[in-house]
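Inside the fold
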Amino acid sequence: MREITLSQAVNEAIAEEMRRDPTIVLLGEDVAEAGTPFKILSGLVDEFGPERVVDTPISEPGFTGIAVGAAMTGLRPIVDIMFGDFLFLIMDQLCNQAAKTHYMSGGKLKVPMVVRTNMGATRRSAAQHSQSLHALVAHIPGLKVAMPATAFEAKGLLKTAIRDENPVVIFEDKLSYQEKAPVPEEEYLIALGEACIRREGSDVTLVGTSSMVQVALDAADLLAGEGISAEVIDPRTIAPLDEDTILASARKTSRAIVIDEGHRSYGASAEIAARIAEKAFYWLDAPVQRFAAMDVPIPFSPELEDLTVPTPAAVAEGARRAMRGELFHAP
Amino acid sequence: MREITLSQAVNEAIAEEMRRDPTIVLLGEDVAEAGTPFKILSGLVDEFGPERVVDTPISEPGFTGIAVGAAMTGLRPIVDIMFGDFLFLIMDQLCNQAAKTHYMSGGKLKVPMVVRTNMGATRRSAAQHSQSLHALVAHIPGLKVAMPATAFEAKGLLKTAIRDENPVVIFEDKLSYQEKAPVPEEEYLIALGEACIRREGSDVTLVGTSSMVQVALDAADLLAGEGISAEVIDPRTIAPLDEDTILASARKTSRAIVIDEGHRSYGASAEIAARIAEKAFYWLDAPVQRFAAMDVPIPFSPELEDLTVPTPAAVAEGARRAMRGELFHAP
Amino acid sequence: MEGNRERNADAYLRMYRQMLRIRVFEENAHQLYLSAKMPGLTHLYIGQEAVAVGICDALEPTDRITSTHRGHGHCVAKGAGFRQMFCELLGKSEGFCRGKGGSMHIADQENGNLGANAIVGGSAGIATGAALSAKRLGSGGVAVCFFGDGALGQGLLYECMNIASLWKLPVIYACENNHYGEYTHVSEMASGDLLDRARAFGIETATVDGQNVLEVNEAAEGFVSRARAGQGPFFLLLDTYRFHGHHVGDISREYYRAKEEEELWKSERDPVSNFAKWLRGESVASDDELNRIESEVRREAEDAVEYALAAPYPGSEEVDMHVFAEAG
Amino acid sequence: MEGNRERNADAYLRMYRQMLRIRVFEENAHQLYLSAKMPGLTHLYIGQEAVAVGICDALEPTDRITSTHRGHGHCVAKGAGFRQMFCELLGKSEGFCRGKGGSMHIADQENGNLGANAIVGGSAGIATGAALSAKRLGSGGVAVCFFGDGALGQGLLYECMNIASLWKLPVIYACENNHYGEYTHVSEMASGDLLDRARAFGIETATVDGQNVLEVNEAAEGFVSRARAGQGPFFLLLDTYRFHGHHVGDISREYYRAKEEEELWKSERDPVSNFAKWLRGESVASDDELNRIESEVRREAEDAVEYALAAPYPGSEEVDMHVFAEAG
Ligand SMILES: Cc1ncc(C[n+]2csc(CCOP(=O)(O)OP(=O)(O)O)c2C)c(N)n1
Ligand SMILES: Cc1ncc(C[n+]2csc(CCOP(=O)(O)OP(=O)(O)O)c2C)c(N)n1
Ligand SMILES: [Mg+2]
Ligand SMILES: [Mg+2]
């Protein structure tokens with residue numbers, strides 16, 4: 001199968017959907033001629049014109065709100081939020097307006113829109129350009145939240161999100177934009193709410209989101225050399241969360257580790273771990289462990305920044321300890 | 001001991017601190033003559049004048065940002081956000097600016113400010129005036145988050161928050177403003193990060209936040225009648241979280257239930273439950289259960305709204321099931 | 001009060017009826033609150049009727065509006081029926097939002113009302129987005145964004161006005177200056193000249209007496225037809241007043257506005273009774289006709305209240321319905 | 001270029017040196033990037049030196065500024081030393097922020113620089129708040145909020161200008177109009193007249209040639225002294241240009257701005273070389289003197305780069321230090 005980058009996958013997904021549905025419009029800063037600073041959207045304005053691929057002023061709340069209204073009245077906007085950190089600016093429009101409109105209107109209004117943004121540290125971008133804020137939006141009923149780990153998921157999830165009748169927030173990992181993965185030429189969709197088992201295993205379940213899927217896979221490689229068989233699960237969307245697939249694996253292996261790039265406390269890893277711990281309780285041989293970004297603003301200094309995110313080595317060590325039963329937390 | 005309402009406790013705390021420290025200013029909508037729509041701050045403008053108790057335009061991002069700058073340069077602002085739901089408007093100023101400034105400046109700048117806001121449903125205020133959004137801010141490193149359950153905590157935590165050198169967000173329960181509790185005349189402070197055991201027990205630990213402390217206490221009453229002894233813990237602040245007190249109780253009782261009024265998924269209950277499940281794993285006789293607001297926008301209709309929040313009866317039933325070991329979740 | 005002689009009596013009486021319907025709707029809502037039959041609080045539109053009616057009469061049902069926490073007037077003016085409205089206020093399943101929205105989120109999609117909003121200024125983007133849809137889809141529609149003087153404090157509005165002006169969107173920003181936010185005078189909340197805030201973005205503005213429905217309507221007609229012709233956006237400032245408290249529980253108001261001021265507006269500048277006087281004076285309608293309209297409206301309201309009081313609440317199975325929309 | 005004959009040569013040469021220091025600092029930062037010695041990206045201030053210097057020369061060290069993602073110029077102009085700046089850019093522990101902030105968060109509290117900000121427009125509140133402190137604490141200080149034309153898109157700015165005007169705060173909003181956001185011309189981002197956006201809030205404005213340090217300085221002196229006297233806020237619009245890309249990686253720029261335009265600004269409107277020419281023409285300084293200043297500045301930069309390259313990174317124990325400030 002051909003391999004394309006995550007960036008190309010996003011571009012293709014949008015182009016295909018825009019060809020199919022003339023009501024799709026793209027709004028964001030520098031999305032047209034510039035094709036975003038990451039050059040993800042290059043070429044779209046040439047094909048679809050500046051009426052559908054629209055450069056906005058630097059007004060995240062404004063153009064997100066405009067997208068909400070447009071979505072309520074017949075368009076299907078895709079909003080580009082250049083850095084996930086800027087979600088903080090659009091929280092009211094996203095969480096008080098877009099997320100609640102369908103419910104508050106008793107099902108009579110709907111807001112089919114996509115917010116594409118990104119996440120991830122270790123780009124030396126410091127505290128306001130490195131956050132992984134998916135837990136915040138996943139907490140809000142009415143929003144769906146997708147976290148593609150590879151180009152394959154990026155394309156399939158985005159196409160599905162564009163067709164969804166609800167506001168969907170997609171977090172792409174900044175460091176993965178140039179990563180290639182096999183992506184079929186033919187059209188495909190990936191349902192929101194279906195996890196995928198990236199690697200089968202029997203001793204320990206590693207649930208990783210976004211870039212942490214690769215960390216989990218790398219950890220699994222390390223463990224395989226030591227005779228520990230890790231199963232790696234990518235939830236792909238955290239809202240809805242495919243609890244069944246995750247629980248089935250945890251019940252099978254009796255050990256689970258959750259790896260996520262959001263901050264640890266009150267982050268996505270807490271929800272996933274809490275569900276496993278509750279619903280696979282009688283199967284577990286060891287406590288569910290969490291690996292996540294440290295609870296610190298992401299520092300600029302490379303030496304420090306690299307300490308803040310989970311690594312394959314750390315995850316592997318967690319798995320080893322789970323195997324050895326060395327997780328006795330003294331009072 | 002005299003009893004005063006939570007609203008009076010807040011008023012006293014601010015008045016005492018403002019008398020003590022002339023750099024404290026109060027900013028918010030209708031905080032001066034009106035004393036807020038909840039009439040919490042009545043009288044403060046008379047004592048401290050309109051230079052220190054300042055009515056702002058309806059500009060939550062603006063006046064919060066102004067508070068951040070003021071806090072960086074010698075004032076200690078208390079910001080009044082009329083409804084917790086409006087936190088969505090100030091997330092950038094709170095989470096990208098206030099929370100990160102100390103860290104990003106290598107410890108050279110600091111932002112001693114308090115954001116006072118509220119939470120809680122069942123006031124028939126519908127989806128944009130009923131949310132309990134504490135988990136969102138608790139997820140952000142650099143913010144402290146307090147959730148007073150009674151007038152006693154409201155006063156003690158607020159006074160400490162005002163003296164803290166960091167941004168602190170305090171969530172008051174809207175329905176508790178008129179609830180009375182014993183509050184000493186003499187000055188006292190409550191440290192941020194110290195849970196309190198509201199009721200001792202031996203069979204099951206109920207961890208409740210804010211208004212859910214009362215739900216937990218009521219559940220404990222129900223259970224006591226049946227010979228089940230519940231210990232009730234109020235963390236008082238969720239960031240920092242007094243893990244030790246919670247874990248000690250869970251290890252003692254071997255069963256834990258977490259009750260919180262935020263939405264269930266990716267909410268505060270997940271973090272607390274995940275920590276107990278991980279760190280008290282070897283002591284637990286039953287899975288940690290969570291009771292929280294349903295994952296729906298809060299509906300207006302009273303009949304529906306009342307279904308969305310945890311009740312003492314539901315919590316008690318959870319405890320009974322934990323005692324009976326009836327928590328087998330089929331795959 | 002001046003009228004346009006060419007306009008026909010039908011239009012005048014239609015607008016009169018609508019203003020009266022708002023007034024009577026609100027009186028009934030107030031009663032429901034006072035008799036503890038309505039859950040929560042509500043913000044009455046009484047005193048501002050000419051604004052909603054004057055503007056909405058210039059619109060087609062397919063045109064969109066966004067409304068505010070003080071939204072019953074806009075809802076009525078845009079064409080909503082009383083039964084569904086009262087049902088909504090009481091949290092009943094036959095309400096416009098199946099009782100899930102209530103007063104602060106009342107909407108009426110079939111008549112182009114995209115909903116009240118409990119976030120001050122929160123609908124500036126929604127209205128502007130509706131105008132973007134109209135332009136992109138070539139529907140010829142316009143959108144009106146209703147908001148209060150207090151909403152001028154929200155930065156979102158300026159972001160949207162800038163974009164609407166850049167993209168020449170068919171949206172009209174209708175600022176209802178009733179002189180107060182909750183309990184604070186506009187002069188403490190807004191510096192400079194209010195109209196300049198739109199002009200700064202190259203938006204054409206007008207200011208009208210919001211108590212005079214014909215003046216409002218004339219200005220609205222002009223802006224609406226020009227917006228339809230691609231000359232938008234526009235900004236309309238309406239001088240008006242709320243006769244009651246900020247919400248139904250706001251009883252003692254002396255600390256923020258004088259009784260005399262309230263009395264003056266009520267006695268001199270009541271948009272409904274002044275318009276009635278004008279209609280009689282111009283012989284558009286007789287006392288009898290106006291009385292007949294009034295009793296019809298009152299009957300309609302009574303019937304609707306009764307209906308709504310007897311109507312069922314949504315079943316408990318609805319609590320987690322409509323979180324997500326289904327495909328199709 | 002016009003100069004004020006009464007001003008003394010010291011001030012001129014001080015400003016010249018500071019402009020040159022910014023230019024040379026940025027050239028070195030660029031080299032560090034090109035040689036892959038600097039982590040991440042950075043936004044060069046080259047071309048805009050007269051703005052930062054003209055304004056900051058009018059300030060006392062105790063006055064506060066807030067800065068932007070393009071913040072090295074403001075930092076130098078407000079008095080920062082090169083060593084701590086380069087250390088910060090390289091993530092070293094002797095940097096102003098112990099390497100934790102980097103280019104986009106560089107700050108210098110001792111000299112009143114409250115920091116660069118990676119959120120466009122994000123410091124409007126901070127600067128206004130600093131002015132509130134100055135007023136409440138009676139310090140006599142003023143605050144300057146630097147921001148770009150792109151930041152005019154952020155609603156926060158309008159909220160803050162409104163409040164600053166209502167409360168008469170000693171803050172100066174300094175809009176550096178370099179004609180572009182990242183890759184989009186200001187005309188596509190801003191409708192209407194830029195100055196009207198401040199005037200709408202009753203704020204007095206001025207517009208000056210941002211390439212002429214003396215003109216900038218004169219306007220700044222006026223506003224600063226009047227702000228100190230309680231007549232603020234003010235809004236200063238500075239016409240300027242960034243000579244390089246949006247950030248150091250922005251190489252091919254033809255799709256958003258013409259090479260000819262860049263060349264014209266560089267050849268005709270370079271604030272540093274034009275000021276040098278003027279200084280010579282007015283006999284304020286000889287060629288020799290200017291050359292001496294330049295070589296001093298270059299040596300200072302070289303030394304600082306060398307120092308920073310050799311300086312240690314923060315130890316791993318720092319990673320969770322400074323999340324919270326301790327009491328006292
Ligand atoms: C963002 C936000 N801030 C504050 C409030 C609380 N609030 C509700 S109505 C109101 C006053 C609004 O004034 P205005 O816009 O003039 O409308 P009016 O009530 O006069 O119709 C306020 C402050 C809110 N609902 N939303
Ligand atoms: C809120 C926000 N939106 C978008 C960005 C990405 N961004 C960084 S700089 C920039 C352009 C800013 O333009 P301007 O304010 O004119 O400053 P200049 O770069 O020209 O100095 C953008 C869009 C950001 N940092 N913050
Ligand atoms: Mg008003
Ligand atoms: Mg610019």
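Residues numbered from 1 in each chain as written. Chains lettered and ligands numbered in written order. Predicted model: local features only at pLDDT ≥ 70, side-chain atom pairs only at ≥ 80, totals over all residues. Heavy atoms only, no water.

With that settled, the discussion passes to the overall build of chain C. When helices and strands are tallied, chain C shows 12 helices and five strands. The C-alpha atoms of chain C give 19 Å as radius of gyration, which agrees with the globular expectation for 328 residues (20 Å, within 12%). Judged by the C-alpha coordinates and their principal axes, chain C covers about 55 × 50 × 45 Å. Looking at the 328 residues of chain C, the share that counts as buried comes to 64%. A separation of at least 24 residues holds for 73% of the contacts in chain C among residues at least 6 apart in sequence. Total accessible area computed for chain C in this model is approximately 11,300 Å², and 47% of it derives from carbon and sulfur atoms. Looking at charge distribution, chain C has the averaged site of its 32 positive side-chain charges lying 2 Å from that of its 48 negative ones. (Helix = DSSP H or I, 4+ residues; strand = E, 2+ residues; numbered from the N terminus. Rg over C-alpha atoms; globule rule 2.2 N^0.38 Å. Buried < 20%, exposed > 50% of the residue type's maximum accessible area, 1.4 Å probe, protein only. Contact = heavy atoms within 4.5 Å. Areas by Shrake-Rupley, 256 points an atom, 1.4 Å probe, with all protein chains shown as cover. Lys, Arg positive; Asp, Glu negative; His and termini not counted. Charge placed at Lys NZ, Arg CZ, Asp CG, Glu CD.)

A word on the packing of aromatic side chains. For the structure on display, the rule yields 45 aromatic pairs over all chains. Aromatic side chains Phe152(B) and Tyr188(B) sit 4.6 Å apart centroid to centroid with 5 degrees between the ring planes, which places their arrangement in the stacked category. Of this pair, Phe152(B) sits in helix H6 (residues 151-163) while Tyr188(B) sits in the loop between strand E8 (180-182) and strand E9 (196-199); the two residues are 36 residues apart in sequence, bridging distant segments of the chain. Residue classification places Tyr188(B) among the buried positions, given a relative accessible area of 11%. Aromatic rings pair up to connect Tyr180(C), Tyr183(C), Tyr241(C), Phe243(C), Tyr255(C), Tyr256(C) and Trp265(C) into one cluster. Sitting over the face of the ring of Trp283(B), Arg251(B) holds its NZ or CZ atom 4.3 Å from the ring centroid. (Phe/Tyr/Trp six-rings, centres within 6.5 Å; stacked < 30°, edge-to-face > 60°. Lys NZ or Arg CZ within 6 Å of the ring centre and 35° of its normal.)

Turning our eyes to something else, we now look at the state of the cysteines. Within the structure shown, the criterion is met by zero disulfides over all chains. No disulfide involves Cys87(C); its nearest neighbouring cysteine sulfur is the one of Cys97(C), lying 12 Å away. In this structure Cys87(C) comes out as buried when scored by relative accessible area, which is 1%. Cys145(D) supplies the cysteine sulfur nearest to Cys175(D), a cysteine that is in no disulfide, at a spacing of 9.7 Å. What makes Cys175(D) buried here is its relative accessible area of 0%. (Disulfide = S-S within 2.5 Å.)

Accessible area lost during the coming together of the parts is what is often quoted as the interface size. Residues and elements named next belong to chain A. Assigned domains of chain A: these are domain 1 (3-182) and domain 2 (196-324). Here the C-alpha centre of domain 2 lies 26 Å away from the C-alpha centre of domain 1. Facing the 26 residues of domain 1 at the interface are 25 residues of domain 2. In this structure, the connection of domain 1 to domain 2 is made through three salt bridges. Secondary-structure elements contributing two or more residues to the side of domain 1 that touches domain 2 are helix H5 (134-138), strand E6 (144-146) and helix H6 (151-163). Taken together, the residues of the side of domain 1 that touches domain 2 break down into 14 nonpolar, seven polar and five charged. (Domains from an automatic or database assignment. Salt bridge = Lys/Arg side-chain N within 4 Å of Asp/Glu carboxyl O. Nonpolar A, V, L, I, M, F, W, Y, C, P; charged D, E, K, R; others polar.)

Look at any regular strand and the pattern is simple: side chains alternate between the two faces of the sheet. All names here are of chain A. Most of strand E13 (residues 256-263) sits out of view: eight of its eight residues are buried. Bridge count between strand E10 (residues 204-208) and E13: four bridges; the pairing is parallel. What sits directly across from Thr 205, in E13, is Ala 256. Bridge analysis of E13 against strand E14 (residues 289-293) gives four bridges, and the strand direction is parallel. (Pairing = 2+ DSSP bridges.)

This brings us to the relation of the copies chain B and chain A. Note on the copies: chain B fits chain A at an RMSD of 0.0 Å, the axial shift is 0.0 Å, and the rotation between them is 180 degrees. The symmetry that links the two subunits is that of a two-fold axis. Identified as the residue of chain B closest to the rotation axis by C-alpha distance is Ala274(B), at 2.3 Å. The fraction of interface residues of chain B whose copies in chain A are also interface residues reaches 100%, indicating that both copies meet through the same surface. (Least-squares fit on C-alpha atoms with pLDDT ≥ 70 in both.)

Residues and elements named next belong to chain C. Distances from the magnesium ion (ligand 3) to its protein donors, namely Asp 149 (OD), Asn 178 (OD1) and Tyr 180 (O), fall within the range 2.0 to 2.1 Å. In terms of primary sequence, the donors binding the magnesium ion (ligand 3) are separated according to D-x28-N-x1-Y. Separated by 31 residues along the polypeptide, Asp 149 in the loop between strand E2 (143-148) and helix H6 (155-167) and Tyr 180 in the loop between strand E3 (171-177) and helix H7 (186-189) bring together distant segments of the chain. By relative accessible area, Tyr 180 is classed as buried at 4%. (Donors = N, O, S within 2.8 Å, 3.2 Å for Na, K, Ca; no water.)

Listed per partner, the contact involves 33 residues of chain D and 32 residues of chain A. The junction of chain D with chain A conceals about 2,500 Å² of combined surface from both sides, 65% of it contributed by carbon and sulfur atoms. Contact with chain A buries surface across chain D, with Ile119(D), Gln154(D) and Val319(D) losing the most and accounting together for 21% of the total. Taken together, the links from chain D to chain A amount to zero salt bridges. Linking chain D to chain A there are 11 residue pairs in polar contact (both at pLDDT 80 or more). Elements with a contribution of two residues or more to the side of chain D that touches chain A: helix H4 (82-89) and helix H7 (186-189) of chain D. Residue classes in the side of chain D that touches chain A are distributed as 14 nonpolar, 13 polar and six charged. (Buried area = accessible area lost by both parts, 1.4 Å probe. Polar contact = N/O pair within 3.5 Å; in protein donor to acceptor, adjacent residues only side chain to side chain.)

Each pair of donors in an ideal octahedron of six around a metal sits at 90 or 180 degrees, and each pair in an ideal tetrahedron of four sits at 109.5 degrees. All names here are of chain D. Looking at the magnesium ion (ligand 4), the protein donor atoms are Asp 149 (OD), Asn 178 (OD1) and Tyr 180 (O), and they sit 2.0 to 2.1 Å from it. As a motif over one chain, the donors of the magnesium ion (ligand 4) read D-x28-N-x1-Y. Of this pair, Asp 149 sits in the loop between strand E2 (143-148) and helix H6 (155-167) while Asn 178 sits in the loop between strand E3 (171-177) and H7; the two residues are 29 residues apart in sequence, bridging distant segments of the chain. On the accessibility criterion, Asp 149 (2% relative accessible area) is buried. Taking the relative accessible area as the measure of exposure, Asn 178 reaches 5% and is therefore buried.

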